[in-house]
Amino acid sequence: MVAATCAPLGLLAACAANPAAHPAATAHLTSTPGASAPRAPGYWLAAADGGVFAYGAAPFHGSAGGLHLDRPVVGAAATPNGNGYWLVAADGGVFAFGDARYLGSMAGHTLSSPIVAIAATPDGHGYWLVAADGGVFAFGDARYLGSMAGHTLTGPIVAITATPDGHGYWLASADGGVYAFGDARYLGSMAGHTLAGRIVAITATPDGHGYWLASAGGGIYAFGDARYLGSAAQLHLGRPVIGVFRDRDGWPGRTTSPGRSGSGSPAGGSSSPGATSGGSGLGATSGSSAGASGSGGTGSSGSTYGSASKGGSSAGSTGSTGNSGSTGSASKASGSSGSTSGSSGSTGSSVTPPAPQSPPASSSGTPMPTGVGGTWHLTFNSDFNGSSLNASKWTNCYPWTCTNTGNSGEVEWYTSANTSVSGGNLNLVARQQTVSTPYGTRNYTSGLIQTQGKYSFTYGFAEARMYLPTGTGLWPAFWLIPENLTWPPEIDIVESWDNPSRAQMTYIWAPGSQSASSTTGLSPGWHTYAVDWEPGSITWYIDGVARKTITSSQAPIANQPMYLVVNLAVDNAVTGSTPLPATMRVDYVRVWQH
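Keep in mind that this is a model prediction, so the values were computed, not measured.

Calculation notes
Residues numbered from 1 in each chain as written. Predicted model: local features only at pLDDT ≥ 70, side-chain atom pairs only at ≥ 80, totals over all residues. Heavy atoms only, no water. Buried < 20%, exposed > 50% of the residue type's maximum accessible area, 1.4 Å probe, protein only. Helix = DSSP H or I, 4+ residues; strand = E, 2+ residues; numbered from the N terminus. Pairing = 2+ DSSP bridges. Axes fitted to C-alpha atoms, helices over the stretch in contact; angles between N-to-C directions. Salt bridge = Lys/Arg side-chain N within 4 Å of Asp/Glu carboxyl O. Disulfide = S-S within 2.5 Å. Phe/Tyr/Trp six-rings, centres within 6.5 Å; stacked < 30°, edge-to-face > 60°. Lys NZ or Arg CZ within 6 Å of the ring centre and 35° of its normal. Core = buried A, V, L, I, M, F, W, Y, C linked by side-chain atoms within 4.5 Å. Contact = heavy atoms within 4.5 Å. Lys, Arg positive; Asp, Glu negative; His and termini not counted. Polar contact = N/O pair within 3.5 Å; in protein donor to acceptor, adjacent residues only side chain to side chain.

### Quick look at the pairing of strand 24 (residues 490-495)
Walk down a regular strand and you will see the side chains alternate between the two sheet faces.
Item 1. Strand 24 sits mainly inside the fold: six of its six residues count as buried.
Item 2. Pairing of strand 23 (residues 474-482) with strand 24, which is carried by four bridges, proceeds in the antiparallel orientation. Of the residues in strand 24, the one forming a bridge with leucine 480 is isoleucine 491.
Item 3. The pairing of strand 24 with strand 25 (residues 503-509) spans four bridges and is classified as antiparallel.

### Observations concerning the sheet that holds strand 11 (residues 168-173)
Item 1. Ordered in space as 10-11-12, the three strands form an open sheet in which the pairing is antiparallel. With one partner strand each, in any of the chains shown, strand 10 (157-162) and strand 12 (178-182) form the two edges of the open sheet. Looking at each pair of strands side by side, their axes are set apart by 20 degrees on average, direction ignored.
Item 2. For strand 11 and strand 12, the ladder comprises five bridges, and the chain directions are antiparallel. Bridged to tryptophan 170 within strand 12 is alanine 180.

### So, the environment of threonine 575
Item 1. Here threonine 575 shows up in the loop between strand 30 (562-570) and strand 31 (582-593).
Item 2. Distance in space between the C-alpha atoms of threonine 575 and glycine 471 is 9.0 Å, their sequence separation being 104 residues.

### Some points on the sheet that holds strand 7 (residues 115-120)
Item 1. In space, the three strands of this open sheet follow the order 7-8-9, with antiparallel pairing throughout. Looking at which strands have only one partner, the edges of the open sheet turn out to be strand 7 and strand 9 (136-140). Sheet twist, expressed as the mean angle between neighbouring strand axes with direction ignored, is 20 degrees.
Item 2. Sheet topology places strand 8 (residues 126-131) next to strand 9; five bridges connect them, and they run antiparallel. Of the residues in strand 9, the one forming a bridge with valine 130 is valine 136.

### Side note on the pattern of salt bridges
Item 1. On inspection of all chains with the given rule, the structure shows one salt bridge.
Item 2. When the shortest N-O distance is used, the salt bridge between arginine 465 and aspartate 587 registers 3.8 Å. One end of the pair, arginine 465, is in strand 22 (residues 460-467); the other, aspartate 587, is in strand 31, with 122 residues separating them in the sequence.
Item 3. Taking the relative accessible area as the measure of exposure, aspartate 587 reaches 10% and is therefore buried.

### Comments concerning the state of the cysteines
Item 1. The final tally for this structure, using the stated rule, is one disulfide.
Item 2. The disulfide bridge from cysteine 397 ends at cysteine 402, spanning 1.8 Å between sulfur atoms. Here the disulfide of cysteine 397 and cysteine 402 is right-handed, its torsion about the S-S bond being about 95 degrees. Taken as a pair, cysteine 397 and cysteine 402 share a single burial class, namely buried.

### Describing the packing of aromatic side chains
Item 1. Counted by the stated rule, this structure contains 24 aromatic pairs.
Item 2. Between tyrosine 398 and tryptophan 479, the ring centres sit 6.4 Å apart and the planes meet at 65 degrees, which makes this aromatic pair edge-to-face. Of this pair, tyrosine 398 sits in the loop between strand 16 (377-382) and strand 17 (412-414) while tryptophan 479 sits in strand 23, and the two are 81 residues apart along the sequence.
Item 3. Look at phenylalanine 461 and tyrosine 541: their rings are 5.6 Å apart centre to centre, the planes differ by 45 degrees, and that puts the pair in the tilted class. Of this pair, phenylalanine 461 sits in strand 22 while tyrosine 541 sits in strand 28 (residues 537-542), placing them 80 residues apart in sequence.
Item 4. On the accessibility criterion, tyrosine 541 (14% relative accessible area) is buried.
Item 5. Joined through ring pairs, the aromatic side chains of Phe380, Phe384, Trp394, Tyr455, Phe457, Tyr459 and Trp533 make up one cluster.
Item 6. The ring centre of tryptophan 540 lies 5.5 Å from the NZ or CZ of lysine 548, which sits over that ring.

### A closer look at the nonpolar core
Item 1. Counting 48 residues, the largest nonpolar core has Met466, Phe478, Ile491, Leu564 and Val589 as its most contacted members.
Item 2. Those residues within four positions of valine 589 in sequence are excluded, and the remaining contacts are Phe380, Asn381, Ser382, Phe384, Trp394, Glu463, Ala464, Phe478, Leu564 and Val566.
Item 3. Ala77, Leu103, Met106 and Ile118 belong to the second largest nonpolar core, which has 20 residues in total.

### Observations concerning the side chain of lysine 548
Item 1. In this fold, lysine 548 is placed in strand 29 (residues 545-551).
Item 2. One buried charged residue, lysine 548, forms no salt bridge at all, with the nearest opposite charge on aspartate 183 at 6.0 Å.
Item 3. Polar side-chain contacts of lysine 548 include one of 2.9 Å to the side chain of serine 515.
Item 4. With near-sequence residues (within four places) excluded, lysine 548 lies in contact with Met505, Ser515, Ala516, Ser517, Ile538, Thr539 and Trp540.

Structure below.
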């Protein structure tokens, strides 16, 4: 999850990012993504008023042009197959066109800094928004992996790009600083160097082993395995460069030569004059007429905006009705697949999980960590063998409220009625249920338990045996956050989205850094999830097998009392087909110390 202060809890949500100022009105360019099958080249330009221009083989899907936007459009991102795209405005409003699904937006929220960019997940099932203060908002299947919000930046954040697997992302600031989150590796930056023009964009190589930065003056800087192949620096461009993007193969110009001194060192990139023929940035495509193909497209699903001012030259059809019974009512989304209702969903599986097996025990009968030797003393044990939750150990809400208001992706409200103890298990149940709260109406309730004020520890082995539910939008987690309610650090022992066969293990520390990895292929059923938190390391275990280790040489290891949280969140990816009610079952939660 992700915890309180800047934006409590959630690897799928955000630590405060948000707009009030207007960025300069510019155009934004995104290339036709390379899917597994070859595709003819093409690209789209998006203007500040939301108008979209399609060139080459890029199909026109519609635009927000002529809709009298409250804020200028600041970014665009395409679906992996090129059959849709999103536009994002400075107030965080998102517009979805074609096959791009509307998954939510920040429009209507009070933002402290303007949104500056959008990046889509590699599978097109989610997207991230990033604000000038470095805050990141995650929607759909995009995972929240950390942000710079609340930290002092030497230059505003201007761009975001995702790793090819969607397990990490980089943020770039105007002074060339690069920040890496999740599985994205930090490979260098221009921060602290004298730049000829502010940095305006970042894009990653297809394998995620490198990235390029682009400056407003056309300078290109290459880091990691990204090759420096030339730039437009010192070519006296008539207009500033506003973006950098890769061709379908990931290497500009498909050249195999290393270009000029492309070592990726800060000085080696574009500080030298533009090397190659000086393809003149955005103006180079000779001017095939705006709105290629002239068909006007069909509009996004549910939309009547097929013709798009500045788009194709004909009126376009009115577009089909929304997907899955939707009304296309997404916030500012001009008819994107808003799916406001959908079917009511099934009532959930009636299959009862097999009973837990007896955990390991010492010769004295005291339970011991699964698969881990050494001398341990049991300091916390909750085996849920009674008929009600032990109130001397657990509380049913967070210390601050009964939801995680900092996570824009969470939609549940936690209640004690959704927490029960029976048959030797704790049962946390997520339901589709409308309740009134101090934060407005919530349409889902669920269960949470935590130990703040009742039990915390510094260093030790924490383990839980759990049976995680399956369903889109379900987000079970077992994690640790500081007893004094500061954040970070945070140790996520396990998180799982939608499918319990994948377990995510994460450590978050200040300032704004994070390491995460995942294990896939777990069979449905009972598993033990544990962490060995030591002064110089943190090691994660699943079923007694070490899966990930972070040492003090990689990150500052948390050294303050932490408390336990077990919860079943519901995020905004939940659909009418999600099997509800859904139950997260917990056999026991234990902590040992040396």
